[in-house]
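Spelled out, the chains give:
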Amino acid sequence: MTSESSGTDPDSAEPIDSPSTEASSSVDEFDEGNMRGDLSEVSDAGLVVAISRYHEPALAEAYRRHAGAVYGLARRLLSDDARAEEIVQEVFLRLWNSPDKFDPGRGTLRSYLLAQCHGRSVDLLRSDTSRRRREENDLRRTAETGYDLEREVWDLTLADHVRDAIARLPEGEREAIRLAYLGGHTYREVATMLDEPEGTVKSRIRSGLKHLRSELVAAGVGLETGGEG
Amino acid sequence: MGEYHDDFTDLLGAYALDAIDADEAELMADHLRTCPWCAGEVAEHREVASFLSQTGADAPPGIWDRISFELSPAAPPMRMALTRPDAEQATEPVGSTQPNAATATPATAPTSDRGDVVSLDKSRSARSAGRTQSRSRTMLAVLAVAACLVVALGVVVVNQNRRIDDLQQVAQQLPRPGTGDLSVKLTSPSSERTARAIVSADGQGYLVVDDLPAPGPGDVYQVWGQVDGTMLSLGTFGDGRDVVRFQVDPANIDGVKAFAITKEKAPGVITSTQAPVVVGAVI
């Protein structure tokens, strides 16, 4: 069984609410009049509350806010449009089916969705088929341009303050984080690639993330989780 | 913490970036279920990592249509009335709680479904049982006094990422509590601070803080629930956040007697020695 199309179009500027859907009508104690046209003002945590009550427009709003970032990360890791789209689908369906997995006390909805995306993408990446495809893409990319064009394009899409914060990291930390996060490599693989001891790479990843957090905080970025690690 | 724990802390950054092997990931996941400090650091690293992702671009068209098509069948009508267990079932052991342990433990990572109670770290309770029993009795005594003063109210769940001044506006955006919901008002000793909690029939709970000041650098607020005589940590919050979401076993809702909030050093404690900032009991 599947639900009827909700009429909710998250790709448009304004969500189109259609209370006649099965999912929406089931939440009969929900005050649809107050939700209609006002979802853009609801916080991410509020959306997840609504999603836990099977409110499809809330999922659509969460999708509108975060699907772009989720797709971008999956695409960056997998170099495969179709696989990246599957990841987006999987991440948001998981949010719909298990909203309780999101703990607002542990970070933002975006960081949660991106962590889900990254984990699933890395799982695919490390499968034999995906690895061969990635290796082929890496070789072809390097041969054609002599440098990592995709990496350069990626960097350009980051916010200025994030790019500046990354630039201020020691090179060892920056490279370890980039290879691990954006390359999908394990710390052991990163150690081999950088010709460094595994313990050094582990430490650099951890210290690099802490330094990056400090830089972002100094740049005025509001980070949800509290305390210093 | 000794060398054993250092083995885990060294991997926290790599784990947060999914940069460890599957067997190490499994061990780390087990560790994080019992170590709020490491779990908190992983959450911080993941939040930082999220800034390494692109912003502003949209996903390709068509994905949403596929998602919408696959959404689960229409949900049953919302069950706002408590499902009371039979008298015989009420005598069953309380989920994974230990009524005689008299030990509060930190909330662990979200469980696999929406009905599991927050689990206890039984090994930690065994080591600190004597010391924690005294403190837990103190808190229980405070809660018992508070039980005479609390009046059940309706609940609102506010925006967690932004403070919303008009709580009634937010209340209109969410399900209205019905009869049978477990709802509690928490107050400070001087009644100048308040909070509200509600637990619905499926065990989903929300604690909404009306006007607590920021806990301060290095501090967090920690939420406690008294379930069948045992103090359970339900989570921590701070930095202006004013909503805590938690889950209790629906079968144990009748055992939920009170809630309290204390201020602790980040990322929280196993057992609190602090007087509650606000406290309230079910009547």
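Residues numbered from 1 in each chain as written. Chains lettered and ligands numbered in written order. Predicted model: local features only at pLDDT ≥ 70, side-chain atom pairs only at ≥ 80, totals over all residues. Heavy atoms only, no water.

Student: Honestly, the overall build of chain A in this entry has me stumped. Any pointers?
Tutor: If you tally the helices and strands in chain A, you get 12 helices and zero strands. Secondary structure of chain A in N-to-C order comes out as α-α-α-α-α-α-α-α-α-α-α-α. Residue burial in chain A is summarised as follows: out of 229 residues, 52% are buried. A separation of at least 24 residues holds for 57% of the contacts in chain A among residues at least 6 apart in sequence. Just so you have it, chain A exposes about 9,600 Å², and 46% of that area is on carbon and sulfur atoms. (Helix = DSSP H or I, 4+ residues; strand = E, 2+ residues; numbered from the N terminus. Buried < 20%, exposed > 50% of the residue type's maximum accessible area, 1.4 Å probe, protein only. Contact = heavy atoms within 4.5 Å. Areas by Shrake-Rupley, 256 points an atom, 1.4 Å probe, with all protein chains shown as cover.)

Student: Would you mind going over the overall build of chain B with me for this structure?
Tutor: Helices and strands together make up the secondary structure of chain B, namely eight helices and eight strands. Residue burial in chain B is summarised as follows: out of 283 residues, 52% are buried. Looking at chain B alone, contacts between residues at least 24 apart form 67% of all its contacts between residues at least 6 apart. Surface accessibility of chain B: about 12,500 Å² in total, with carbon and sulfur atoms responsible for 53%.

Student: Would you mind showing me how to read the environment of Arg 66 of chain B here?
Tutor: Tracing the sequence through the fold places Arg 66 of chain B in helix α5 (residues 63–70). In contact with Arg 66 of chain B, not counting residues within four places along its chain, are Glu 85 and Gln 89 of chain A.

Student: Please explain the confidence of the model for chain A as it appears in this structure.
Tutor: Atomic detail in the predicted coordinates should be set aside for any region of low pLDDT. Residue and element names in this part refer to chain A. Predicted confidence across chain A gives a mean pLDDT of 77, with 67% of residues reaching 70 or more. No element of chain A has a lower mean pLDDT than helix α1 (residues 22–26), at 36, and none a higher one than helix α5 (residues 81–97), at 95. Below a pLDDT of 50 lies the segment residues 1–34, which in the model reaches 77 contacts outside its immediate sequence neighbourhood of four places, other chains included. Note on residues 143–147: pLDDT is under 50 here. Beyond four places in sequence and across chains, it has four contacts. (pLDDT = per-residue confidence, 0-100.)

Student: Any chance you could explain the pairing of strand β8 (residues 278–281) of chain B here in plain terms?
Tutor: Residues in a regular strand point their side chains to alternate faces of the sheet. All names here are of chain B. With burial as the criterion, each face of β8 is covered, one bearing Val 278 and Gly 280 and the other bearing Val 279 and Ala 281. Relative to β8, strand β7 (residues 256–265) is paired through four bridges, and the arrangement is antiparallel. Each residue of the ladder has a partner; that of Ala 260, found in β8, is Val 279. (Pairing = 2+ DSSP bridges.)

Student: Sorry, what's going on with the side chain of Gln 222 of chain B here?
Tutor: Residues and elements named next belong to chain B. Checked against the element boundaries, Gln 222 lands in strand β4 (residues 219–227). Since its relative accessible area comes to 1%, Gln 222 is described here as buried. For Gln 222, the side chain forms a polar contact with the side chain of Ser 233, separated by 2.8 Å. Ignoring anything within four residues of it in the chain, the contact list for Gln 222 reads Ser 233, Gly 235, Thr 236, Ala 260, Ile 261, Thr 262, Glu 264, Gly 268 and Val 269. (Polar contact = N/O pair within 3.5 Å; in protein donor to acceptor, adjacent residues only side chain to side chain.)

Student: Explanation requested: the pattern of salt bridges in the structure shown.
Tutor: Side chains carrying opposite charge are able to pair once their charged atoms draw close together. Residues and elements named next belong to chain A. Counting across every chain of the model gives 16 salt bridges over all chains. Across the salt bridge formed by Arg 65 and Asp 44, the nearest N and O atoms sit 2.7 Å from each other. Here Asp 44 lies in helix α3 (residues 44–52) and Arg 65 lies in helix α4 (residues 56–78), a separation of 21 residues in the sequence. The shortest N-O distance in the salt bridge between Arg 65 and Glu 61 comes to 2.9 Å. (Salt bridge = Lys/Arg side-chain N within 4 Å of Asp/Glu carboxyl O.)

Student: Any chance you could explain the packing of aromatic side chains here in plain terms?
Tutor: Centre-to-centre distance and the angle between the planes together describe a pair of aromatic rings. Residues and elements named next belong to chain A. Overall, the coordinates contain five aromatic pairs over all chains when judged by the stated rule. On the numbers, 5.2 Å between centres and 65° between planes, the contact of Tyr 63 with Phe 92 is edge-to-face. Placement of the pair is Tyr 63 in helix α4 and Phe 92 in helix α5, with a sequence separation of 29 residues. The exposure classification of Tyr 63 matches that of Phe 92, with both residues buried. (Phe/Tyr/Trp six-rings, centres within 6.5 Å; stacked < 30°, edge-to-face > 60°.)

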